[in-house]
Amino acid sequence: MEAQVPTRMGDGSLVELTRSQIRADLEAGTEAAAKRGKVEPLAQDELDHLLDIFASAARFTSVDIGDEVILSEDGTGHPQEGGRIEALYQHEQIICQDSVEAYHMDYSYPAVKTLVPVEQAAMKEAQERLTIPVHYGAQPDLGRYSKPSGPCDNWSELLPQMKIDEARAAQEEAIEMAIEDMVFVAESLWEAGADGINFDTAGAAGDADFLATLRAVETLRKRNPEMGMMVGMASETVLGMHGQLEYRGTRLAGLKPKGQMQVVQQAGATIYGPAINVNTGKTVAWNSARVLTYVKPCMDEAQIPVHLNVGMGVGGVPMYGFAPVDAVSRCSKAAVDILRLDGL
Amino acid sequence: MSKGMRITEAKKFVADKLGVTPRDLSDNPTMHELRGGLRMGRIYEGETTYFDDPSPLEAKFHIAERLGISINSVNRFKRGLGIGE
């Protein structure tokens, strides 16, 4: 009888599977991504390597010495760590991160724009307390520009009423406001000494959200040639909430990681972060194989670093607030080993 | 981050500037001593403090100079002092 090894489901629950079952899951995961994403499945030697990772009973795993990559982060710090700046400093000195990100709890560019002086003061202090890069980040959060939070008509309400033209017009109106806010906040924090700016969960509100981000990055690149900019995505496919928006001739609705990366590069960002969502009803092995299959087409064409999002509910990591380290470390190692990523 | 360098290229770039190999970048003791000697900043703990180590801003000055890169906070500090750019 085949021995069973502990592994995780996409919701974080612990299960036990045989090596053969894990192999079957890996193959099913890559096939699922290949079919839906119209990409090549992982090769057999890659699946063999993934099997060694996910069929291990070790509590923790890691990359080989010499294969380390850069860890970038969104929103550094926790309440237990004291104040915002103390938290950043602890992540440098005690957790030994490569970079940290100053942020506001209302992680949203339209929200932060009203607090810019406070954020600038925090960034200035952070730069004097830390040696590692301190970035500043928030989300484009296009939905916040719609009623009742914002001034634009609510396209989420208009679409079910089949008011398509009105919904598109509302999104187009919101795009211009979002660009203005993102550029204002980014330049303000850059002026305060930030080492880079992060646009997190780009595309969360669909293609209009993604277009606003790309155009903000493009504007910032022209005005600030040295600014580091990271664009982290919200999901593996850009939702067509508008459906007709293009960036430099590329239709944004339906873009998958390779297409996302191409437009992010064109806009002038310096890091691209794909986000592949987790299926909580499948194992981490299945999810990880699916993730790597989706992202692999990016790697040969990437001219900027690719930092795969490997965290709660993305990159194969379970959708659980306190992700088990056995799952996190396996997904991280799998991603670096197979994709030859630049970072996580 | 500002240069958008891929990881292999970035490791070689940094290693060359520091006079070490890319493999050395993965070795904690080697890098700890190197960063200390070059005054680039390092971690410390309760029983091993380095009171004479540089402040973070000074460390970033050295990093920018040694690697030949532009660091935003360093440039800002220089502007405040009326030196550099």
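Calculation criteria
Residues numbered from 1 in each chain as written. Chains lettered and ligands numbered in written order. Predicted model: local features only at pLDDT ≥ 70, side-chain atom pairs only at ≥ 80, totals over all residues. Axes fitted to C-alpha atoms, helices over the stretch in contact; angles between N-to-C directions. Helix = DSSP H or I, 4+ residues; strand = E, 2+ residues; numbered from the N terminus. Parallel < 35°, antiparallel > 145°, perpendicular 65-115°, else oblique. Left-handed = near helix turned anticlockwise from the far one by under 90°. Contact = placed C-beta atoms within 7 Å. Nonpolar A, V, L, I, M, F, W, Y, C, P; charged D, E, K, R; others polar. Pairing = 2+ DSSP bridges. Expected span 1.5 Å × (residues − 1). Buried ≥ 20, exposed ≤ 12 C-beta atoms within 10 Å, placed from the backbone. Arc of directions from axis to C-beta.

Draft legend 1. Representation of the packing of helix α2 (residues 44-54) of chain A against helix α11 (residues 325-339) of chain A. Residues and elements named next belong to chain A. One way to put it is that α2 packs onto α11 with a least axis distance of 10 Å and a crossing angle of 155°. Taken together, the axes of α2 and α11 are roughly antiparallel relative to one another. Relative to α11, the crossing made by α2 is right-handed. Between α2, through Glu46, His49, Leu50, Ile53 and Phe54, and α11, the contact on the second element is made entirely by Arg330, Lys333, Ala334, Asp337 and Ile338. For the contact of α2 with α11, the class distribution of residues is 5 nonpolar, 1 polar and 4 charged.

Draft legend 2. Expanded view of the interface of chain B and chain A. Taken residue by residue, the interface counts 19 residues in chain B and 27 residues in chain A. Looking at the side of chain B that touches chain A, the elements that each hand over two or more residues are α3 (56-67) and α4 (72-81) of chain B. With 4 residues, the top contributor of residues to the side of chain B that touches chain A is α3(B). Among the residues forming the side of chain B that touches chain A, the class breakdown is 8 nonpolar, 7 polar and 4 charged.

Draft legend 3. Geometry of the pairing of strand β1 (residues 4-8) of chain A. All names here are of chain A. One ladder, built from 5 bridges, connects β1 with strand β2 (residues 14-18); its direction is antiparallel. Within the sheet, the bridge partner assigned to Pro6 lies in β2 and is Glu16. Remark: 5 residues form the turn of the hairpin made by β1 and β2, two consecutive strands paired antiparallel; Gly12 in that turn has positive phi of roughly 95°.

Draft legend 4. Spotlight on helix α1 (residues 19-37) of chain A. All names here are of chain A. Its 19 residues place the ends of α1 27 Å apart at the C-alpha level, agreeing with the 27 Å of an ideal helix rising 1.5 Å per residue. Within α1 the residues assigned to the buried category are Ile22, Asp25, Leu26, Gly29, Thr30, Ala33 and Gly37. Projected down its long axis, α1 carries its buried residues within an arc of 125°, all on one side. Opposite the buried face of α1, at more than 90 degrees from it, the exposed residues are Ser20 and Lys35. Packed against the buried residues of α1 are β1, β2, α2 and α10 (284-301). The first or second residue beyond α1 is Lys38, which carries a positive phi of 55°.

Draft legend 5. Region of the structure containing α4(B). Of all the residues in α4(B), the buried ones are Asn72(B), Ser73(B) and Val74(B). Buried-residue contacts for α4(B) involve α5 (116-129) and α7 (164-191) of chain A together with α3 of chain B. In the stretch just after α4(B), Gly82(B) is the one whose phi turns positive, near 75°.

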